[in-house]
Amino acid sequence: LDWSQNAALFSPAVCPKNPGDGLIMRPLCTADWSKGFFKVLGQLTKVGDVTLEQFVKKFDHMKKTGDYYITVVEDTYLGRIVATATLIIEHKFIHACSKRGRIEEVVVSDECRGKQLGKLLVSALTLLSKKLDCYKITLECKPQNVAFYEKFGYSPSEETYMQKRF
Ligand code: 16G
């Protein structure tokens, strides 16, 4: 599955509703660098100093794997990225050589809150992971966002999320 084919996965079945006037949901493209993609990511966490060259190199790597569904919502009137979320497919030997989905970097820009863009992104990527035959899909979130993700059928895990920071 190459990156250009990923766009076909955003069929009406996967992407049930129109996000709103002038808003479109689509896969990330290189031009989104100048449409404020990193500004939106910066509302989630530290993005650091990233040059266009570094962005393109990293994005090319991600595209080559075929396992990154980096999705954006663009306000086409303003030519600005207003929301993003990513589905990453992790390959496993377990569960009969199955796959696990991970939802990462779900961000809706401040000025677009209340338009249900987070809902649109999470529902589309969750459905996509099912279509791609993942046996489960997981995400990490702040306690105050648990209720939001429960709406899509996610539940707190019995396992503890552990990390080591470098
Ligand atoms: C949140 C994000 C995660 C992101 C992390 C960054 C969702 C569902 N979760 O946990 O994807 O990687 O924040 O935080 O969007 P960090 O910079 O502290 O690692």
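Above this text sits the structure in question.
Cut-offs used in this document
- Residues numbered from 1 in each chain as written.
- Predicted model: local features only at pLDDT ≥ 70, side-chain atom pairs only at ≥ 80, totals over all residues.
- Heavy atoms only, no water.
- Helix = DSSP H or I, 4+ residues; strand = E, 2+ residues; numbered from the N terminus.
- Buried < 20%, exposed > 50% of the residue type's maximum accessible area, 1.4 Å probe, protein only.
- Contact = heavy atoms within 4.5 Å.
- Areas by Shrake-Rupley, 256 points an atom, 1.4 Å probe, with all protein chains shown as cover.
- Core = buried A, V, L, I, M, F, W, Y, C linked by side-chain atoms within 4.5 Å.
- Expected span 1.5 Å × (residues − 1).

This paragraph deals with the overall build of the protein chain. Counting its regular elements, the protein chain contains six helices and five strands. Starting at the N terminus and ending at the C terminus, the protein chain contains elements arranged as α-β-α-α-β-β-α-β-α-β-α. Across the 166 residues of the protein chain, 37% fall into the buried class. Sequence-distant contacts in the protein chain: of pairs separated by 6 or more residues, those separated by 24 or more amount to 65%. Total accessible area on the protein chain is roughly 10500 Å²; 54% of this is exposed by carbon and sulfur atoms.

For the rest of this paragraph, the subject is the environment of Gly-42. By secondary structure assignment, the location of Gly-42 is in the loop between helix 2 (37-41) and helix 3 (52-65). Judged by its relative accessible area of 37%, Gly-42 is partly exposed. Taking the C-alpha atoms as reference, Gly-42 lies 13 Å from Ala-85; in sequence the two are 43 residues apart.

Turning to the nonpolar core, a few remarks are in order. The tendency in soluble globular proteins is for nonpolar side chains to be buried as a group. Formed by 24 residues in total, the largest nonpolar core has its most connected members in Val-73, Leu-87 and Leu-117. For this core, the secondary-structure elements that each account for two or more residues are strand 1 (23-27), strand 2 (68-75), strand 3 (80-91), strand 4 (99-108), helix 5 (117-131) and strand 5 (134-138). It is helix 5 that provides the largest number of residues to this core, a total of seven residues.

As a further point, take helix 5. For helix 5, built from 15 residues, the straight-helix expectation of 21 Å at 1.5 Å per residue is met to within 8% by its first-to-last C-alpha distance of 21 Å. Considered for burial, the residues of helix 5 that qualify are Leu-117, Gly-118, Leu-120, Leu-121, Val-122, Ala-124, Leu-125, Thr-126, Leu-128 and Ser-129. The inward-facing, buried residues of helix 5 contact strand 1, strand 2, strand 3, strand 4, strand 5 and helix 6 (146-150). Backbone geometry just downstream of helix 5 places Asp-133 in the positive-phi region, at approximately 70 degrees.

What follows is about the environment of Ser-155. Tracing the chain through its elements places Ser-155 in the segment after helix 6. C-alpha separation for the pair Ser-155 and Ile-24, spaced 131 residues apart in sequence, amounts to 29 Å.

All quantities given are derived from atomic positions and should not be read as evidence of function.
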